[in-house]
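Spelled out from the first residue to the last, the chains are:
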Amino acid sequence: MSVSIVQPPQGFRLRAVMRQELRLLLADRSVWVVALLFLLLVGYALGNGLAQTAQRDRAQAAVAQADRDTRAAQRAQLEAILAGRAQPTPFENPADPSRMASSYGAQHAILPSAPLGPVALGRSDLFPSQFRVTHQSRVAFMNPSDIENPWYLLSGQFDLAFVLVYLLPLLIFVLGYNLLSAERENGTLRLLLSQPLRLRTLLAGKLAVRAAALLVPAVLLPVGVLLLARQAGFAPSAPGAGTVTFWWALLVGAYALFWFALVVAVNAFGAPSATNAMVLMIAWVLLVLVAPVLLNLAVTQASPAPSRTELATQTRTLTAAAMKRHAELLSTDYKHVGQGALLLPRDGKIEISARGLANYRIEREIDEAIAPELERFERQHAGQQRLLERFGALSPAAVAYEGMTGLAGTGARRHAQFVAQTVGFHLAWKHFFFPRIEERSALMPADFDRIPRFAWREESPRELRDRALAAVLQLLLPSLLLFGLAGWRLRRFSVA
Amino acid sequence: MWRWIANREFTERLRDGRLLWAGGLVLVLLFTALGVGWAHQREARAEQQAAQALDYRDWLAQDRRHPHDAAHQGMHAFKPEAPLAMVDAGINPYIGSTVWLQAHRQSEVKFNPAQDATGLQRFGNLSVGWILQVLGPLLVIVLGFNAFAGEREQGILRQTLSLGVSPLRLLAGKALALAASLAVLLVPAALVAALAVGLGAAPGERADALLRLAAWSLGYAVYLGAFVFVVLGVSALCATSRAAITVLLALWVAQAVMAPRVLSEAARAAYPSPTRLEFNQALQAELKQVSDRTWLQAFGTTERWGRDVPLSQWGIALRLDDQASYPVYDRHYGRLWDTWERQQRLQEWSGLLLPLLAMRSYSMGMAGTDFAHHRSFTTAAELHRRRLQDLMSEDLVAHADPLGDRHFAYQSGPELWAKVPPFVHRTPRVGWALRHQLRSLAVLCAGLLLAAAFAAVAVRRQRALA
């Protein structure tokens, strides 16, 4: 006569395991220490991110205000000149398009902070978020222009992305390195599995409680703080902020899942707790510290940047040649010395000094000649980015970091768009001023409304979502493989 | 006795495979980093030397032109790649290597390599310095975490002590074994590095480069030595190997991963830098004020290009303007750079508790890739710009138009261009670098002494436990 044993419903068992694990975790003082430490780190990182973003926003607002003030003062001066109340000077003449196109009338292209900017500062300290656009070649103004201590740039910023990418895996290890090994070493595993309880259910229960304990401060807390900060006006807000935040939460979840999967896989091999800890630590060093550095090295070796030294030499050679071509204009003395009336607009026209004209033509020629070289730099950046996306999966830390900075708008893509839009603005600037310079047309107050202004166009939400989805999948795939490996090993797991 | 202990410990490290696997991995990374650094340096040096020579040749080959236009075209100063940059790139990836020496204004160094790097730059650069600073202590932990705790678990420690072996001798033996394990890995790497640095350095700077490498290596010996004692001390204090490795890894994460960012943020909060707008506005305001005062004193007017200052006076006006601007630039840039140095100093002092911060400063200081070296180059480049500028203005003063209404029509020739010497910047000598890094070295040495004292106290407690 055969006796069939009916397996009890595992859902009920899972809840029981979770309740028990939660009780054990709450009773463990070290877990409280870990949780407090994590909360402190998350809080500090978030606070720092919010403060840095607010500081940058304030600096940008000051730059935009300075631009507006300059423009308004120039317009008022022009009106006073036309009314005969003021005299222009050769280098401060708002009626002269060659002066207004130059640094005297320069305007900034400004990259605003994205809604998730405070959670991942990314390369916001390395890449400028403002360019001062003039009629000069962009080789002259499209350089990192923010003031920052290089030591600070070398160290990197303490933001939430750093805490999550570097430290979250370590906390997952602290809570999970002995997930099964401790039960076995204490002799309780045999007892537990003598109950109507599957090993997988036990593992899932333990995992779920730990995941909840870490993901609440890692995801829900920052989301809550961001929402409050946005409401209070301390953090940038924009349409679509909710969707981006959702993808960010998903990305953090997928990254955490990878490390939990690794914890389970390592535990499934049945080694002692000390060995598990060592293996996990080695994996962390290799995947978080070493792999991204090697990947960065490989990408820059495979797609090296064109030489900036060569660019400097080319710029100088082009400048010398252009100055030579316009030597005659440069040798012409100023006619207006002692004859201030020459600087005044007359019948909609204005006399541009020969040297002013020469300087404009020199800049224009350098800009045209250097453009292909700058495009080579942009192609190289795009090539590096493609390589990173293709091989980034070799390090989950690299995928998560790139994904987070991408969603926060502090990564390479959004900056490339900023550069492209600034190039467009520069083009519009030149289209506005160059014909006026050539025709010697004086600027009138009404023309001031038509001077191009930079207006940032945000990244397409669809592209943003597609890239976030790709990053999530790049994290989920190795997680599934690790869970698969764990499942295979658990079938032959010895409780003894 | 301690030699015997050291011998036994060292043999054990070899037998259990830790030295082979962990050390082997670090060694592979070290040689990769050295190879990459060597290739990069060769390329960068050749390129910079060629560009600097070409730049000066073009300067000399100018046609006849107005000296002020020559000053406007200016020339470039390329920062020479320090011979030891191949072992520690320091701040080089985050700061440019080219300065445009032009009329009127002090330029900043442009074209930093980080602007062309990928987002992964944030994870660090693979350099010998980075490996030794970050992975070096981890290697010491892996090799030594169970030196005392493991023996206690097995009961060997009690037996050894009961034989009358002094705990301090035991510590000396184990420290020597750990040091020997590191030496087996690092001395060959240091010899290869010495060969690469010697070959890579220009003939005139070879001896200096090798002396710098020796001082640099000494710093790492002190740094890793401190970790040897910290690891042994913690291992002696902890009841189990597991507890020892947990404590040591937590310390390592705190100092290698978190401290650089936390202290860097703290230093910036303590000594804030100005924003670009604030800096430019303050600089421009003072430049204008000083220039107006100078014009008023010299010409009785502040109006440029007016009747009161005929064109024949423009050489004098330019010279006055430029020379009045020099102290203004010195003040503003000096203040900014002093702020950065104060930020760095705060981090170096924190090296007492977190040796990585002092080590990082010392390493890049001896490699010639720190901010002090960069400041010395920038200052030299600016002095060269002023020399160029003054020579051009002097010529304009000497050839002022006697008719009083011409200025730009005057043209000078090659004899004037040849008066400007080529820009040559020699990396400061090892003594200069050491003087600038005395604080970091002192902090590192103090760290070593503190670590040794901690280990001694921890080990002496073994007697009571035994």
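Residues numbered from 1 in each chain as written. Chains lettered and ligands numbered in written order. Predicted model: local features only at pLDDT ≥ 70, side-chain atom pairs only at ≥ 80, totals over all residues. Heavy atoms only, no water.

With that settled, consider the overall build of chain B. Looking only at helices and strands, one finds 17 helices and two strands in chain B. Judged by the C-alpha coordinates and their principal axes, chain B covers about 105 × 40 × 35 Å. The buried share among the 466 residues of chain B stands at 58%. Partitioning the intrachain contacts of chain B with sequence separation of at least 6 by distance along the chain shows that 82% fall at a separation of at least 24. Of the roughly 19100 Å² that chain B leaves accessible, carbon and sulfur atoms contribute 62%. Looking at chain B, you have 47 positive and 37 negative side-chain charges, and the mean spots of the two groups are 12 Å apart. (Helix = DSSP H or I, 4+ residues; strand = E, 2+ residues; numbered from the N terminus. Buried < 20%, exposed > 50% of the residue type's maximum accessible area, 1.4 Å probe, protein only. Contact = heavy atoms within 4.5 Å. Areas by Shrake-Rupley, 256 points an atom, 1.4 Å probe, with all protein chains shown as cover. Lys, Arg positive; Asp, Glu negative; His and termini not counted. Charge placed at Lys NZ, Arg CZ, Asp CG, Glu CD.)

What follows is about the overall build of chain A. For chain A, the count of helices and strands is 17 helices and two strands. Computed over its C-alpha atoms, the radius of gyration of chain A comes to 31 Å, more than 25% above the 23 Å expected for a compact globule of 496 residues. Taking all 496 residues of chain A together, the buried fraction comes to 56%. Of the contacts formed within chain A by residues at least 6 apart in sequence, a portion of 84% connects residues at least 24 apart. (Rg over C-alpha atoms; globule rule 2.2 N^0.38 Å.)

All names here are of chain A. A cluster of nonpolar side chains, contributed by Leu22, Leu26 and Trp32, occupies part of the molecular surface with about 320 Å² of accessible area. Structurally, leucine 26 can be placed in helix 1 (residues 10-27). Among the residues examined, leucine 26 registers a relative accessible area of 46% and is labelled partly exposed. (Patch = residues over 30% accessible without salt bridge, like charges linked within 9 Å, V, L, I, M, F, W, Y side chains within 5 Å. Salt bridge = Lys/Arg side-chain N within 4 Å of Asp/Glu carboxyl O.)

Residues and elements named next belong to chain A. A grouping of Arg198, Arg200, Arg491 and Arg492 is seen on the molecular surface, where their side chains present a positively charged patch. Residue placement: arginine 198 occurs in the loop between helix 8 (188-193) and helix 9 (199-232). Residue arginine 198 is classed as partly exposed on the basis of its relative accessible area, which comes to 40%.

Counting residues in each nonpolar core, the largest one holds 179 residues, and the members touching the most others are A:Trp284 and B:Trp252. Ranked by residues supplied to this core, first place goes to helix 10 (residues 241-268) of chain A with 18 residues. With residues near it in sequence (within four places) discarded, B:Trp252 still touches A:Met281, A:Trp284, A:Val285, A:Leu289, B:Val134, B:Pro137, B:Leu138, B:Ile141 and B:Val257. A:Phe131, A:Val133, A:Ile350 and A:Ala442 belong to the second largest nonpolar core, which has 29 residues in total. (Core = buried A, V, L, I, M, F, W, Y, C linked by side-chain atoms within 4.5 Å.)

Turning our eyes to something else, we now look at the environment of A:Leu262. Residues and elements named next belong to chain A. Secondary-structure assignment places leucine 262 in helix 10. Residue classification places leucine 262 among the buried residues on the basis of a relative accessible area of 11%. In the structure, leucine 262 is positioned 60 residues away from alanine 322 in sequence and 62 Å away in space, judged by C-alpha atoms. Discounting chain neighbours no more than four positions away, the residues touching leucine 262 are Phe173, Leu280, Ala283 and Leu482.

To continue, consider the pattern of salt bridges. Evaluated as defined, the whole model comprises 36 salt bridges over all chains. Note that B:Asp69 and A:Arg355 form a salt bridge whose closest N and O atoms lie 2.8 Å from each other. Placement of B:Asp69 in helix 3 (residues 67-73) and of A:Arg355 in helix 14 (residues 354-391) is noted, with the two residues assigned to different chains. The class of B:Asp69 is buried, set by a relative accessible area of 5%. Notably, a salt bridge pairs B:Arg331 with B:Glu286, separated by 2.4 Å at the nearest N-O pair. With B:Arg331 in helix 11 (residues 314-349) and B:Glu286 in helix 10 (residues 276-299), the pair connects residues that are 45 residues apart, well separated along the chain. Note on B:Glu286: relative accessible area 17%, which makes it buried. One network of salt bridges, with partners in common, ties together A:Arg361, A:Arg364, A:Glu368 and A:Glu438.

The next point concerns the packing of helix 2 (residues 29-82) of chain A against helix 9 (residues 241-270) of chain B. Look at helix 2 of chain A against helix 9 of chain B: their axes get within 13 Å of each other, and the N-to-C directions meet at 45°. Judged by the inter-axis angle, helix 2 of chain A sits oblique to helix 9 of chain B. Crossing hand, helix 2 of chain A versus helix 9 of chain B: left-handed. Between helix 2 of chain A and helix 9 of chain B, the contacting residues are A:Leu41, A:Tyr44, A:Asn48, A:Gln52 and A:Gln55 on the first element and B:Met258, B:Val262, B:Glu265 and B:Arg268 on the second. Of the residues in the contact of helix 2 of chain A with helix 9 of chain B, the class split is four nonpolar, three polar and two charged. (Axes fitted to C-alpha atoms, helices over the stretch in contact; angles between N-to-C directions. Parallel < 35°, antiparallel > 145°, perpendicular 65-115°, else oblique. Left-handed = near helix turned anticlockwise from the far one by under 90°. Nonpolar A, V, L, I, M, F, W, Y, C, P; charged D, E, K, R; others polar.)

Okay, the packing of aromatic side chains next. Per the counting criterion, the structure on display carries 30 aromatic pairs over all chains. Centre to centre, the rings of A:Trp284 and B:Trp252 are 5.9 Å apart; their planes meet at 85°, and the pair counts as edge-to-face. Within this pair, whereas A:Trp284 is found in helix 11 (residues 273-302), its partner B:Trp252 is found in helix 9, the two belonging to separate chains. We classify B:Trp252 as buried; its relative accessible area is 1%. With 6.4 Å between their ring centres and 85° between their planes, B:Tyr220 and B:Tyr223 make a pair best called edge-to-face. Of this pair, B:Tyr220 and B:Tyr223 both sit in helix 8 (residues 206-237), three residues apart, which is roughly one turn of that helix. One exposure class covers both B:Tyr220 and B:Tyr223, and it is buried. Joined through ring pairs, the aromatic side chains of A:Phe131, A:Phe418, A:Phe425, A:Trp429, A:Phe432, A:Phe433, A:Phe454 and A:Trp456 make up one cluster. Seen from the ring of B:Phe408, A:Arg355 lies directly overhead, with NZ or CZ sitting 3.7 Å from the centre. (Phe/Tyr/Trp six-rings, centres within 6.5 Å; stacked < 30°, edge-to-face > 60°. Lys NZ or Arg CZ within 6 Å of the ring centre and 35° of its normal.)

Taking 1.5 Å of rise per residue, the 17 residues of helix 4 (residues 128-144) of chain B would be expected to cover 24 Å, and the 22 Å separating its terminal C-alpha atoms lies within 8% of that figure. The largest bend in helix 4 of chain B comes to about 40°, at B:Leu135, with the proline B:Pro137 one to four residues further on. (Expected span 1.5 Å × (residues − 1). Bend = angle between axes of the 7 residues up to and from the residue.)

This part is about the interface of chain A and chain B. Where interface size is quoted, it is often the accessible area lost as the parts come together. Counting residues at the interface gives 89 residues for chain A and 82 residues for chain B. Summed over both sides, the interface of chain A with chain B buries roughly 7700 Å², with 64% coming from carbon and sulfur. The largest share of the area that chain A buries against chain B comes from A:Ile147, A:Trp151 and A:Arg316, three residues that together contribute 12% of it. Summed over the shared surface of chain A and chain B, the number is six salt bridges. (Buried area = accessible area lost by both parts, 1.4 Å probe.)

Residue and element names in this part refer to chain B. In this model helix 12 (residues 355-367) runs 18 Å from its N-terminal to its C-terminal C-alpha over 13 residues, within 8% of the 18 Å that 1.5 Å per residue would give. Summarising burial for helix 12: 13 of the 13 residues are buried, a large majority. A positive phi of about 80° marks glycine 368, the residue just after helix 12.

On to the packing of helix 4 of chain B against helix 9 of chain B, then. Two numbers describe a pair of packed helices, the interaxial angle and the distance between the axes. Residues and elements named next belong to chain B. Close contact between helix 4 and helix 9 brings their axes to 10 Å; oriented N to C, the two are set at 170°. Considering their axes alone, helix 4 and helix 9 lie roughly antiparallel with respect to each other. Where helix 4 approaches helix 9, its residues Gln133, Val134, Pro137, Leu138 and Ile141 are matched on the opposing element by Ile245, Leu248, Leu249, Trp252, Gln255 and Ala256. Split by residue class, the contact of helix 4 with helix 9 holds nine nonpolar, two polar and no charged.

Attention shifts here to the pairing of strand 1 (residues 75-78) of chain B. Residue and element names in this part refer to chain B. Alternating residues of strand 1 divide into Met75 and Ala77 and His76 and Phe78, and every residue in both groups is buried. Summarising the sheet, strand 1 and strand 2 (residues 98-101) pair through four bridges and their orientation is antiparallel. If you follow methionine 75 over to strand 2, its bridge partner there is leucine 101. (Pairing = 2+ DSSP bridges.)

As a further point, take unusual backbone geometry. Of note in this structure, A:Asp347 is not a glycine but carries a positive phi near 50°. Mapping A:Asp347 onto the fold places it in the loop between helix 13 (327-330) and helix 14. Even without being a glycine, B:His104 presents a positive backbone phi close to 75°. Note that B:His104 resides in the loop between strand 2 and helix 4.

Summarising the element assignment, B:Arg335 is placed in helix 11. Spatially, the C-alpha atom of B:Arg335 lies 9.5 Å from that of B:Ser273, the residues being 62 residues apart in sequence.

Residues and elements named next belong to chain B. Looking at where glutamate 81 falls in the secondary structure, it is placed in the loop between strand 1 and strand 2. There is no salt bridge for the buried glutamate 81, and the closest opposite charge comes from arginine 45, which lies 7.0 Å off by N-O distance. Excluding residues within four positions of it along the chain, glutamate 81 makes contact with His40, Gln41, Ala44, Arg45, Gln48 and Asn92.

Overall, the predicted model of chain B reaches an average pLDDT of 89, with 99% of residues at or above 70. At the level of chain-chain contacts, confidence expressed as ipTM amounts to 0.89, with global pTM at 0.90. (pLDDT = per-residue confidence, 0-100.)

Residues and elements named next belong to chain A. Inspection of the secondary structure puts isoleucine 370 in helix 14. Each C-alpha atom of the pair isoleucine 370 and glutamate 148 lies 28 Å from the other, and the pair is 222 residues apart in sequence. For isoleucine 370, the contacting residues outside a window of four places in its chain are Ser137, Val139, Leu311, Gln314, Thr315 and Leu318.

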